[in-house]
Amino acid sequence: MGAGLLILASTPNGDPDAAAVSVAIDARHPGGSVPRSFNGLSFELTSLREIARLWRRGNMVALLRSLGPGVLRFGGASADTRIAWTDRETPLPPWASAALEASDLRELKRLADRSGWRVLLTIGLAHFDARAAAREAAAAKAALGSSLAGFELGNEPDSYAEHGLRTLPWRFPKYAGEARSYWQAIAKAAPNVPLLGPDASGSRVFKRWGPGEARRLRPAELTAHHYPLGCLQLPAPTIESLLSAHTRGLEAISVRRFMAVSHASAIPFRLDEANTVSCGGAPGISDTFASALWATDYIARAMAAGMAGINLHGNPANCAGYAPLCAPTPERLLSGALRAQPEWYALLLDRALIGDRPVRAIVSEQGRGNLDLTALQSGGGRLHLVVVDDDPLEDAPTALSLHVGRRFGAASLLALTAPSPAARSGVKLGDRTVAGDGRWDQPAVVPQSPNHGGTVKVQLPPSSAMLITLAPTHGKGR
């Protein structure tokens, strides 16, 4: 057995119902490091003014700081259909019901400075006006400075014809011509700000649009969206379908599509908008612990695949849909008293993987149940295993015997739990909840599983997730 090959196996431990799972971890050829700016949130552009002013009050700054550096993306359908840039030279067009002004961007800069997060801004393309776009870009650069991560041109431009924003046939070459005109004007007004795109609606269309974007526009990062379930699909979305092995398999295909274009073009890929169910989410799914289990697993797998980052989309005014952060009432939103929804706990768990390098995990299919495992290793030699068990509550726990040899000490366990997958409250990470002021304090004493003769035994309850950390006993564990 090679120095970097660890064999992990799960055993029934006398329980005839427990799943038997074996895992091989090959740490000899780790992938690239997870970027510091991997974590992200995405909001509608119409929410920018409201969110920007939360630096003044409430817990937004503390919440963002609890995740470390990240990217705030403002875009969504509203960027093309409901809000437009306005200044002395740019009157509000008749189609827009909301305005974006320089003062909004200056407020956003204060939020960025206090939180340590940067801003990815969508400039609407559907109502073509390159001069207005250039003025908006110049104002954004002046206001945000080094906090500006880049510009995107339009939201899901591949879908413009479906929504009556372009006439058929509407294909990438026509979009590319418009985008190039925009970008030439923007580059003159706001030089040296990165371009990201094409902000495609999903992996299938990205497979067609992504290579063209990479070749003709050469963005700093490629971007697209992902929703595993659709609001109009039949049969209707359920918790069971969200957490199913079938959905996970389809997502694996989607990730491979994204990363194939990224690797072929040597341009990083960022999933700049993602969540559970499209069209704002589905109550009873998107606002439950099931969304946290989905997000924990998907984020870890995206890290392992080599993505540059993920922005979970949300509406801070709608706690019933998808929203990592939200306020249950307009009054609480005005005061900045945001609530950490179940998905926020997934972000807190996966933040431990920032800077890690993915290592290969080979999991036996026989008897594994609906369980997924992702492995990454830190620069200091720590091995992180993210294990998500999506089996129903009535199923037996999974007993893991981790045969890691004597090069690792005891395993530290950080469990993500709730009363049930359908629970809207009672979510805990390390048996703790996010405080009202936005902070989550990791327990001073974390449960440990000792290493006995090179084997660490861990039990994982169904409908839960766990971060297992194994520290090397000497140096970097060589």
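What counts as what
- Residues numbered from 1 in each chain as written.
- Predicted model: local features only at pLDDT ≥ 70, side-chain atom pairs only at ≥ 80, totals over all residues.
- Heavy atoms only, no water.
- Helix = DSSP H or I, 4+ residues; strand = E, 2+ residues; numbered from the N terminus.
- Buried < 20%, exposed > 50% of the residue type's maximum accessible area, 1.4 Å probe, protein only.
- Areas by Shrake-Rupley, 256 points an atom, 1.4 Å probe, with all protein chains shown as cover.
- Polar contact = N/O pair within 3.5 Å; in protein donor to acceptor, adjacent residues only side chain to side chain.
- Contact = heavy atoms within 4.5 Å.
- Expected span 1.5 Å × (residues − 1).
- Pairing = 2+ DSSP bridges.
- Salt bridge = Lys/Arg side-chain N within 4 Å of Asp/Glu carboxyl O.
- 1 Å grid on protein atoms, 1.4 Å probe; cavity = no way out; pocket = protein on both sides within 12 Å on 5 of 7 lines; lining within 4 Å.
- Points joined across faces, edges and corners; volume = space filled by probe spheres on them.
- Nonpolar A, V, L, I, M, F, W, Y, C, P; charged D, E, K, R; others polar.
- Axes fitted to C-alpha atoms, helices over the stretch in contact; angles between N-to-C directions.
- Left-handed = near helix turned anticlockwise from the far one by under 90°.

**Student:** What am I meant to see in the overall build of the protein chain here?
**Tutor:** Scanning the protein chain for helices and strands turns up 12 helices and 25 strands. Taken along the three principal axes of its C-alpha coordinates, the protein chain extends 75 × 50 × 50 Å. Within the span of the protein chain, comprising 478 residues, buried residues form 57% of the whole. As displayed, the protein chain has an accessible area near 19,200 Å², and 53% of this comes from carbon and sulfur atoms.

**Student:** Help me understand the side chain of Asp287, please; the structure alone is not making it clear to me.
**Tutor:** For Asp287, the location among the structural elements is in the loop between β11 (269-274) and α10 (289-305). Owing to a relative accessible area of 5%, Asp287 belongs among the buried residues under this scheme. Here Arg424 takes part through its side chain, which lies 2.8 Å from a polar atom of the side chain of Asp287. Discounting residues that sit within four places of it in the chain, Asp287 has contacts with Ala282, Cys319, Ala320, Gly321, Gln341, Pro342, Ala423 and Arg424.

**Student:** Teacher, can you tell me more about helix α5 (residues 130-144) here?
**Tutor:** Residue pairs spaced three or four apart in an α-helix point in one direction, given the helix's 3.6 residues per turn. The end-to-end C-alpha distance of α5 is 21 Å, a good match for the 21 Å that 15 residues give at a rise of 1.5 Å each. Along α5, the positions that sit buried rather than exposed are Ala130, Ala132, Ala133, Ala134, Glu136, Ala137, Ala139, Ala140, Ala143 and Leu144. On its buried face, α5 sits against β5 (83-85), β6 (98-100), α4 (102-115), β7 (118-123), β8 (148-153) and α6 (172-189). Just downstream of α5 lies Gly145, where phi reads positive at about 55°.

**Student:** Explain the pairing of strand β12 (residues 309-313) here, please?
**Tutor:** Where a strand is regular, its side chains alternate between the two sheet faces. Of all the 5 residues making up β12, 5 are buried; the element is thus mostly covered by neighbouring parts of the structure. Pairing between strand β3 (residues 39-44) and β12: 4 bridges, direction parallel. Bridged to Asn39 within β12 is Ile310. Of the pairings in the sheet, the one linking β11 to β12 comprises 3 bridges and is parallel in character. If you follow Ala274 over to β12, its bridge partner there is Leu312.

**Student:** Just to check I follow, could you spell out the pattern of salt bridges for this structure?
**Tutor:** Two side chains of opposite charge can pair, provided their charged atoms sit close to one another. For the structure on display, the rule yields 23 salt bridges. Taking the shortest distance from any N to any O, the salt bridge between Glu101 and Arg49 comes out at 3.3 Å. Of the two residues, Glu101 is situated in the loop between β6 and α4 and Arg49 in helix α1 (residues 48-52); the sequence distance between them amounts to 52 residues. Each of Arg248, Glu251, Asp297, Arg301, Asp372 and Asp390 takes part in salt bridges that share partners, so that together they form one network.

**Student:** How should I be thinking about empty space enclosed by the protein in this particular structure?
**Tutor:** To locate leftover empty space, one rolls a probe as large as a water molecule over the atoms. Scanning all chains against the criterion turns up 1 cavity of 30 Å³ or more. When its volume is computed, the largest cavity comes out at roughly 60 Å³. In this structure, the largest cavity is lined by Leu242, Leu243, Ser244, Arg248, Glu251, Leu293, Trp294, Asp297, Arg301 and Asp390. Residue assignment for the lining of the largest cavity shows that the elements contributing at least two residues are α9 (245-265) and α10. Residues of the lining of the largest cavity, tallied by class, amount to 4 nonpolar, 1 polar and 5 charged.

**Student:** Just checking my understanding: could you explain the packing of α5 against α6 for this structure?
**Tutor:** Closest axis-to-axis distance for the α5/α6 pair is 8 Å, and the angle between their directions is 40°. In terms of crossing hand, the pair formed by α5 and α6 is right-handed. Seen from α5, the contacting residues are Ala130, Ala133, Ala134, Ala137 and Ala138; seen from α6, they are Ser181, Tyr182, Ala185, Ile186 and Ala189. Residues of the contact of α5 with α6, tallied by class, amount to 9 nonpolar, 1 polar and no charged.

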